[in-house]
Amino acid sequence: MISPVTVISPVIVAIDGPAAAGKGTLARRLAEALGLSYLDTGLLYRATGRRVLDQGGNVADPVAATSAASTLTPEDLQRSDLRGPQADAAAAAVAAIPSVRAALLDFQRSFGRATGAVLDGRDIGTVIFPEARLKIFVTASLAERARRRFLELQAKGTPAALDQVEADMRARDAHDAARAAAPLKPADDAVILDTTALDADAAFVQALALAQARLAVPH
Ligand code: C5P
């Protein structure tokens, strides 16, 4: 007789939301606390955009961008030039191309399914892992997100003007939300976490409480 087995699928936590809402810091800390791997999926789109720019290509060209996405290597994700306004815009442009998203899908799913993971991005809870055990949509007001990004740029010594940072962020959010392919939006079953008035520690405490409640395995 075959004895019944309980199959516990790897735990996936999906953290989605707009730029500079605090997803990355939160996702990294949550992964560490839960003993899960962590993937910043924005890096995949950033590295794809960079490769197209390196080749002198047009980031809106589906052929060039899909070829770049299909041939990404782990080293591409380690590049030091994946942040900043040019990389932001290139990532958002390639991310609107359906065949680029399709080329990056298996990597994200395999990463999560290997051992369980926390992934952050725009479409983790809606497209990549609709079955994720916990989905958190992290957001904050545009003014607060722009202020955070401005302070980050200042800390790195990158010249920036707050109103320009805010304008770029507004444009990128609008582009991410309006695109037909996997637009930025909360999954129906996502918990919304507004960090406008929360520091990183307070956001982490709330997210960890959600994780403890959702991920507890019944005995
Ligand atoms: O999260 P991050 O700001 O690094 O993402 C850069 C860009 O990559 C986003 O503006 C978005 O266009 C795209 N992206 C995406 N789907 C993801 C992660 C990022 O479309 N899962």
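The rules behind each value
- One numbering rule holds for all chains: residues counted from 1, following each sequence as written.
- Side-chain atom pairs in this predicted model are given and counted only at pLDDT of 80 or more, local residue features only at pLDDT of at least 70, and totals for whole chains, interfaces and linings cover all residues.
- Side-chain calculation: all heavy atoms of the structure are included, whereas hydrogens and water are not.
- In this scheme Phe, Tyr and Trp rings, the latter by its six-membered ring, pair at centre separations within 6.5 Å, and the angle between planes marks the pair as stacked below 30 degrees, edge-to-face above 60, and tilted otherwise.
- For the purposes of this entry, the term helix denotes a DSSP run of H or I that reaches at least four residues, the term strand denotes a run of E that reaches at least two, and both are numbered from the N terminus.
- Throughout, exposure labels follow a simple rule: accessible area from a 1.4 Å probe, protein chains only, divided by the maximum for the residue type, with under 20% read as buried, over 50% as exposed, and the rest as partly exposed.
- Buried Ala, Val, Leu, Ile, Met, Phe, Trp, Tyr and Cys residues form a nonpolar core when they are joined through side-chain atoms within 4.5 Å.
- Residues count as neighbours in contact if any of their non-hydrogen atoms are within 4.5 Å of one another.
- Throughout, the term near means that a residue has one or more heavy atoms lying within 4 Å of the molecule or strand in question.
- Distance and chemistry together define a polar contact, namely a pair of N or O atoms within 3.5 Å, with one atom able to donate a hydrogen and the other to accept it when in protein, and with adjacent residues in sequence counting only for side-chain atoms on both sides.
- We get accessible surface area from the Shrake-Rupley algorithm with a probe of 1.4 Å; when it comes to residues, only the shown protein chains can shield them.
- Side-chain classes follow a simple rule in which Ala, Val, Leu, Ile, Met, Phe, Trp, Tyr, Cys and Pro form the nonpolar group, Asp, Glu, Lys and Arg form the charged group, and the remainder, Gly included, forms the polar group.
- Between Lys or Arg on one side and Asp or Glu on the other, a salt bridge is scored when a side-chain nitrogen of the former is within 4 Å of a carboxyl oxygen of the latter.

A few words on the packing of aromatic side chains. Scanning all chains against the criterion turns up one aromatic pair. Both rings, one in Phe107 and one in Phe111, keep their centres 6.4 Å apart while their planes meet at 35 degrees; by these two values the pair is tilted. Of this pair, Phe107 and Phe111 are both found in helix H5 (residues 98-115), four residues apart, which corresponds to roughly one turn of the helix. Judged by relative accessible area, Phe111 falls into the partly exposed class, the value being 24%.

By size, the foremost hydrophobic cluster in this structure holds 20 residues, and its most contacted members are Tyr45, Val52, Val59, Ala65, Val94, Val100 and Leu104. When near neighbours in sequence (up to four residues on either side) are disregarded, Val52 contacts Gly57, Asn58, Val59, Ala64, Ala65 and Ala68. Listed in part, the 19 residues of the second largest apolar core include Ala27, Ala31, Leu134 and Leu208.

As a further point, take the side chain of Arg101. Mapping Arg101 onto the fold places it in helix H5. Judged by its relative accessible area of 8%, Arg101 falls in the buried class.

All right, on to the site of the ligand then. In the region of the ligand, 15 residues are neighbours, and Arg46, Arg101, Arg122, Arg172 and Asp176 sit closest. Separating a nitrogen atom of the ligand from a side-chain N or O atom of Thr41 is a distance of 2.9 Å. At a separation of 2.6 Å, an oxygen atom of the ligand approaches a polar side-chain atom of Asp176. Look at the ligand: alone it shows 460 Å² of surface, and the protein chains cover 97% of it. Among the elements of the structure, helix H2 (42-54), helix H4 (85-95) and helix H8 (162-178) are those that each provide at least two residues to the shell around the ligand. Taken together, the residues of the shell around the ligand sort by class into four nonpolar, three polar and eight charged.

On to the pattern of salt bridges, then. Within this structure, the stated rule accounts for 18 salt bridges. Across the pair Asp176 and Arg122 runs a salt bridge, and its minimum N-O distance is 3.4 Å. Here Asp176, found in helix H8, pairs with Arg122, found in the loop between strand S3 (117-121) and helix H6 (124-128); they are 54 residues apart in sequence, far enough to count as distant. Of the two residues, Asp176 and Arg122, neither departs from the other in class, the shared state being buried. Between Arg179 and Asp176 there is a salt bridge, with the nearest N and O atoms lying 3.4 Å from each other. Note on accessibility: Arg179 and Asp176 belong to one class, buried. Connected through salt bridges with shared partners, the residues Arg50, Asp54, Arg79 and Asp81 form a single ionic network.

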